[in-house]
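The lines below spell out each chain.
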Amino acid sequence: MDCKATVNLGAFSRGGHTRGDHKASDQDLGCKEKYIPCGIVDEDTAQLYVTFGSSFKTSDFIVDTLAAWWQGLSATEQGAIDRVQITMDNGSESSGVRTQFLHRLVQFADTIGKPLHLLYYPPYHSKYNPIERCWGIMELHWHGAQLIDVETMLEWAKRMTWKGLKPVVELSRKVYAQGVSLSKAAMQAVEARLERHPLLPKWDILIHPVGAD
């Protein structure tokens, strides 16, 4: 799971080559419409889920994307999951010390009634994260295309494939506040719910839902 760099919409040629009938600029000349893709790869089924957000890359956006993925599963699929294991890069909005991110994940674990296991890739090892390879394929897929509006962006994204499967693509226009964090007192209650690995406390975190043995 991870977010990629901002996608700028407009008459821009990606990689210096233009596909389509319209002329394009090689540079982002004051682009105002931008989207943040946040993606999840189910490593058991190879299904890719992507949400394009029109606001900011925040802890809340990332966890909301995770919650939307869960809600999109059938009751049978949800029931077959004993534990949700999340492997991700240690980015600033989703790190093992980001208070709002951990707070939201504790809430999410309680909501779904399943343990969450957070596993972070070491620095400079993002190439081993499957979602990073998905972003690379997406870039190649729409290389040279003019993503002139949100509908065009979504349609291009829906037509890419990852291991033979087309992604589930969603759009979020929810506005997120930046810089949300918990006080030390509030974080103590969250920290009490975290089972940190003694040798890798920031990189390996288990969250049990409330009431779990």
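Rules of the game
- Residues numbered from 1 in each chain as written.
- Predicted model: local features only at pLDDT ≥ 70, side-chain atom pairs only at ≥ 80, totals over all residues.
- Heavy atoms only, no water.
- Core = buried A, V, L, I, M, F, W, Y, C linked by side-chain atoms within 4.5 Å.
- Buried < 20%, exposed > 50% of the residue type's maximum accessible area, 1.4 Å probe, protein only.
- Helix = DSSP H or I, 4+ residues; strand = E, 2+ residues; numbered from the N terminus.
- Contact = heavy atoms within 4.5 Å.
- Expected span 1.5 Å × (residues − 1).
- Arc of directions from axis to C-beta.

Ranked by internal contacts, the top residues of the largest apolar core, which has 35 residues, are Trp 69 and Phe 101. Listing elements by their share of this core, those giving two or more residues are strand S3 (34–41), helix H1 (59–72), strand S5 (84–88), helix H3 (99–112), strand S6 (116–120), helix H6 (184–191) and strand S9 (204–207). Those residues within four positions of Trp 69 in sequence are excluded, and the remaining contacts are Ile 40, Tyr 49, Ile 81 and Val 84. Counting 23 residues, the second-largest nonpolar core is a separate cluster that includes Val 41, Met 153, Leu 154 and Met 160.

A few words now on unusual backbone geometry. For Ala 46, which is not glycine, the phi torsion reads 70° and is therefore positive. Note that Ala 46 resides in the loop between S3 and strand S4 (48–53). The phi angle at Lys 163 is positive, at roughly 55°, despite the residue not being glycine. Take Lys 163: it is sitting in the loop between helix H5 (150–159) and strand S7 (168–172). Its relative accessible area of 66% is what places Lys 163 among the exposed residues.

Let's shift gears to helix H4 (residues 130–141). The end-to-end C-alpha distance of H4 is 17 Å, a good match for the 16 Å that 12 residues give at a rise of 1.5 Å each. The set of residues buried in H4 consists of Pro 130, Ile 131, Cys 134, Trp 135 and Met 138. Buried residues along H4 cover an arc of 145° about the axis, so they all sit on one side. Elements in contact with the buried residues of H4: strand S1 (2–3), S3, S4 and H5.

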